[in-house]
Structures are given as C-alpha cells and as structure tokens.
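Inside the fold
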Amino acid sequence: MKEKILVTRKVFPAVIERLREHFDVETNDGDQIYTRGELEVRMPGKVGALVSATESIDAPLLRHCTSLRAVANLAVGYNNLDLAALSTAKVIATNTPDVLTESTADFGWALLMATARRTGEAERWLRLGLWEKWALDLFLGVDVHGTTLGVLGMGRIGRAVARRAGGFGMSVLYHDRAPVDAARELGARYCGKDELLRAADHLIITMPYSAQAHHTIGRRELALMKRSATLVNISRGGLVDEEALADALAEGRLAGAGLDVFEQEPLVCSRLLASQKVVATPHIASASEKTRMAMANLAADNLIAALGYGAHAGRPPSVLNPQVLDTA
Ligand code: GLV
C-alpha cells in the first residue's frame, strides 16, 4: 500500500500525477485555504505534505502529525515553516530556490518601471476615457536609467535584479548582513542600510522575512529616503510598515511604491489600495507559466526524494534542514 501525502493547495495535474506514482495523494481541488483546524484533521496519518506559503507549519501543528517525515514548501521563502520545530520533530523541510530567480527579478523590474513611470495610474485614467489631448506635463514620472538602484538583500534574487541594472546604466548599492562576494562582479557597492536608503533613487526589497526583519522599512527608514524615490517590495509584506508607507506617499515624501506582497494577504491596506502612487499586484512575482511549473516540479522532486523514493531518494535537491537527513 502506498504511503499517504497531503497537497494543501491546487497544483498542476501533471505534477500530481508524478506524486501519485509513489504516494496515495490527498489533493485540494477546491483550492480553499485550509484553516488550522482542517490541517489538524488532514495532516495526521500523512508521511509528507506539499504546502504553500499560505500554510503555517509550526510546533503545535506538528504535535498532531506523528507520521510526518517531510514538508515541501512550494515557495523559496519559508517564513511559514518553523524550521526549528520541524528539525526537532525530525521532519525534512525543503523549498524551491533557483528556478524562480530570473522570473522574480524580471517582475521586480516590471514593478520598478511601472512605479517610476506611473503606468498603472496612466492606464486607469486612459481607460476611464479621460484622455482628451496630448500634454507636455501628462503623467510626469521619474527616470530609471542613469539613476542609483538600492538593493536590500543581495541573495540570488537581489543579484539577478542588480545584474539587470547594467542595461539601464545605473549605479547599484546594496545592503545585506555582510558584503557578498558575487555582488562585486556585478559592480554593486556594499553600504550600510541608512546610506542605502538615503542614496537610492529606486529601492527594491529582496531580502527574506523573519520575525526580526519585521518592518525593516518603517517610519524612520522611510524618512531617510528621497522624496523622488520609489520603493518596490517583491519579498514579503511584513518587511514594510504599510501604514508608515501610506503616510509617506500621502504626504509626498516618496514618489511611489510597487508592491507584490502585503502584510495581511489577500487583504491590502485600504490606504495603499486607494493611492494612485501604488502599483499593486497579487503576489505573482514568480508567476510565469514556465517558472510556476518548475517550482511545482521542484517541490515534488523534493518530497519524493525526502521520503526515500525516486532517483534521488534520500537526497532532496533543496533541503533546508540537512541535519535531519544526516540523522535519518
Ligand atoms: C514566493 O513568494 C516565494 O517565496 O516563492
């Protein structure tokens, strides 16, 4: 008899078929987000779970999941997983890095360009039938080429964003916990966070979220930024204090914000939603057809291997707590 796994959200049929070759798979074809109570009912008896950023896997839940051996996150960010609790419970945890790097960086640029050049606002206005004549001062934005890009978080996605800046003749500054060797080849210069905030014409947030990183961009940080600057967040909503951002935009202390992520998804702070200076998208930075399929396949590869099946049995491609593998 096949071992049982749970797939908590709707996933492409071809990927489910791959999982069915090895497991008895419980799917969620209705794609409603399971409540904590539903997870507590569905997870027990499962040896593995393929989850998304919409599910939190923590110690209280794990106490109900004594058969669980692996959790595959269908996302590169894994702030929804309590890694320490998973490791203590000897549950292998994996994520989906690399396959989404370039698509996510592309999207960061899409938001940056749209925010700087006010494309969302201009399109809304045009669709309302308000365009009567060309005008010299219509929707004046801020330039991107030849300006300074600030990258907060120089991981894989931050570097892919920085690499693209060369084509725009930009200077790139970045901040991270420490200088990153690979950034030097990109011509990116390391600096402190405050210097980054003061100097950036366009700031893009590409750092992981953790409780310590909550509101990394708050009132104090926003006050350091140029009035003509834009801010883009393609990481996690909790990194930015949304009320402070709404105030900065309303008071003309920031030119615009491009936001793919929000503090309380799918809720969007009403003041940000109402602001013409905000370009808002529903957490889709990695959402090209090819990349979302690659992410789902990587999550499946991870789960199959972590549970001891397939060509890479015991060696999941992107494991977050390798110490659990060593003790298995
Ligand atoms: C998406 O937000 C991801 O972390 O992959």
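Residues numbered from 1 in each chain as written. Predicted model: local features only at pLDDT ≥ 70, side-chain atom pairs only at ≥ 80, totals over all residues. Heavy atoms only, no water.

**Here we look at the overall build of the protein**
For clarity, the cut-off: Under the DSSP-based scheme used, a helix requires at least four consecutive residues in state H or I and a strand at least two consecutive residues in state E, with every element numbered from the N terminus. Radius of gyration means the value over C-alpha atoms here, while the globule rule gives 2.2 Å times the residue count to the 0.38 power. We call a residue buried when its accessible area falls under 20% of the maximum for its residue type, exposed when it is over 50%, and partly exposed in between, using a 1.4 Å probe and counting protein chains only. Only heavy atoms matter for contacts: two residues are in contact if any of them lie within 4.5 Å across the pair. Under the convention used here, Asp and Glu are negative, Lys and Arg are positive, and both His and the chain ends fall outside the count. By convention, the charge on Lys lies at NZ, on Arg at CZ, on Asp at CG and on Glu at CD.
Of regular secondary structure, the protein possesses 14 helices and 12 strands. Taking 20 Å as the expected radius of gyration for a compact globule of 328 residues, we find that the protein reaches 21 Å, a close match to that expectation. In terms of principal-axis extent, the alpha carbons of the protein reach across some 70 × 45 × 30 Å. Buried positions account for 48% of the 328 residues belonging to the protein. In the protein, 59% of the contacts between residues at least 6 apart in sequence involve partners at least 24 apart. Of the side-chain charges in the protein, 37 are positive and 38 negative, and the distance between the mean point of each set is 2 Å.

**Quick word on the nonpolar core**
Filter applied, for reference: The set of buried Ala, Val, Leu, Ile, Met, Phe, Trp, Tyr and Cys residues whose side-chain atoms join them within 4.5 Å is what this entry labels a nonpolar core. Reported domain spans reflect what an automatic or database domain assignment gives.
Ranked by size, the top nonpolar core spans 51 residues in total, and within it Ile-5, Leu-19, Leu-50 and Leu-149 carry the most contacts. Structurally, this core is a two-domain feature, drawing no fewer than three residues from each of domain 1 (4–97 + 289–327) and domain 2 (101–280). Setting aside its immediate chain neighbours within four residues, Leu-19 contacts Ile-5, Val-7, Val-25, Leu-50, Ala-300, Leu-303 and Ile-304. Counting residues in each nonpolar core, the second largest holds 29 residues, with Leu-231, Leu-239, Leu-249 and Leu-259 among its members.

**A short note on the site of the ligand**
Spelled out, the test is: Near residues are defined by distance, with any heavy atom within 4 Å of the molecule or strand qualifying the residue. Polar contacts, as counted here, are pairs of nitrogen or oxygen atoms within 3.5 Å of one another; within protein the pair requires one atom able to donate a hydrogen and one able to accept it, and residues that are adjacent in sequence qualify only if both atoms are side-chain atoms. For every accessible area listed, the method is Shrake-Rupley and the probe measures 1.4 Å; residues are considered covered only by the protein chains on display.
Every residue lining the ligand is accounted for by Ala-75, Val-76, Gly-77, Leu-100, Arg-236, His-283 and Met-295. Separating an oxygen atom of the ligand from a side-chain N or O atom of Arg-236 is a distance of 2.7 Å. Between the ligand and the protein, one listed contact pairs an oxygen atom with a side-chain N or O atom of His-283 at 2.5 Å. Notes on the ligand: free accessible area 200 Å², of which the protein chains cover 87%.

**Some thoughts on the sheet that holds strand β4 (residues 70–73)**
Here is the rule we go by: Pairing between strands requires that DSSP locate at least two bridges from one strand to the other. Axis lines are fitted to C-alpha atoms, over the contacting stretch for helices. Their N-to-C directions set the angle, which ranges from 0 to 180 degrees.
With parallel pairing, the 5 strands of this open sheet are ordered in space as β2-β1-β3-β4-β5. Edge strands, defined here as strands with exactly one partner in the open sheet, are β2 (23–26) and β5 (92–94). Neighbour-to-neighbour, the strand axes of this sheet turn through a mean angle of 15 degrees, independent of strand direction. Across 3 bridges, the pairing between β4 and β5 is parallel. Note on β5: the bridge partner recorded for Val-71 is Ala-93. Along the sheet face, helix α1 (residues 13–20) touches β1 (3–7), β2 and β3 (48–51) and points at about 140 degrees away from the line of β2. Sitting on the sheet, helix α13 (residues 289–306) is in contact with β1, β2, β3, β4 and β5, with an inclination near 170 degrees to β4.

**Focus: a nonpolar patch on the surface**
Rules: The patches described consist of residues with a relative accessible area above 30% and no salt bridge, like charges being joined within 9 Å and nonpolar side chains (Val, Leu, Ile, Met, Phe, Trp, Tyr) within 5 Å. One side-chain nitrogen of Lys or Arg within 4 Å of one carboxyl oxygen of Asp or Glu is enough to make a salt bridge.
On the surface, Leu-126, Trp-131 and Leu-138 cluster together into a nonpolar patch covering about 290 Å² of accessible area. One can find Trp-131 in the loop between α6 (119–127) and β6 (148–152). Accessibility expressed as a relative area gives 47% for Trp-131, which makes it partly exposed.

**Focus on the packing of aromatic side chains**
Rules: Note on aromatic pairs: the rings of Phe, Tyr and Trp (six-membered ring only in Trp) are paired at centre separations within 6.5 Å, and the planes decide the class, stacked below 30 degrees, edge-to-face beyond 60, tilted for the rest.
The final tally for this structure, using the stated rule, is 4 aromatic pairs. Pairing Trp-109 with Phe-168 gives two aromatic rings, centres 4.7 Å apart and planes at 15 degrees, and the pair type is stacked. Placement of the pair is Trp-109 in helix α5 (residues 101–116) and Phe-168 in the loop between α7 (156–165) and β7 (171–175), with a sequence separation of 59 residues. On the basis of relative accessible area, Phe-168 is assigned to the partly exposed category, the value being 29%. Here Tyr-174 and Tyr-190 contribute two aromatic rings whose centre-to-centre distance is 5.3 Å and whose plane-to-plane angle is 70 degrees, an arrangement assigned as edge-to-face. You can see Tyr-174 sitting in strand β7 and its partner Tyr-190 sitting in strand β8 (residues 188–190), a full 16 residues away along the chain. In this structure Tyr-190 comes out as partly exposed when scored by relative accessible area, which is 27%.

**Structural notes on the domain arrangement of the protein**
Cut-off, in case you're wondering: The term buried area means the drop in 1.4 Å probe accessible area that two parts suffer when joined, counted for both and summed.
As far as domains go, the protein holds domain 1 (4–97 + 289–327) and domain 2 (101–280). Centre-to-centre separation of domain 1 and domain 2, based on C-alpha positions: 32 Å. On the side of domain 2, 5 residues touch domain 1, which itself brings 7 residues to the contact. Between domain 1 and domain 2 the total buried area reaches about 470 Å² when both faces are included, carbon and sulfur atoms providing 49% of it. Among the residues domain 1 hides against domain 2, the three largest losses belong to Asn-79, Pro-97 and Thr-291. Together they make up 71% of the total. For the pair domain 1 and domain 2, the interface holds 0 salt bridges.

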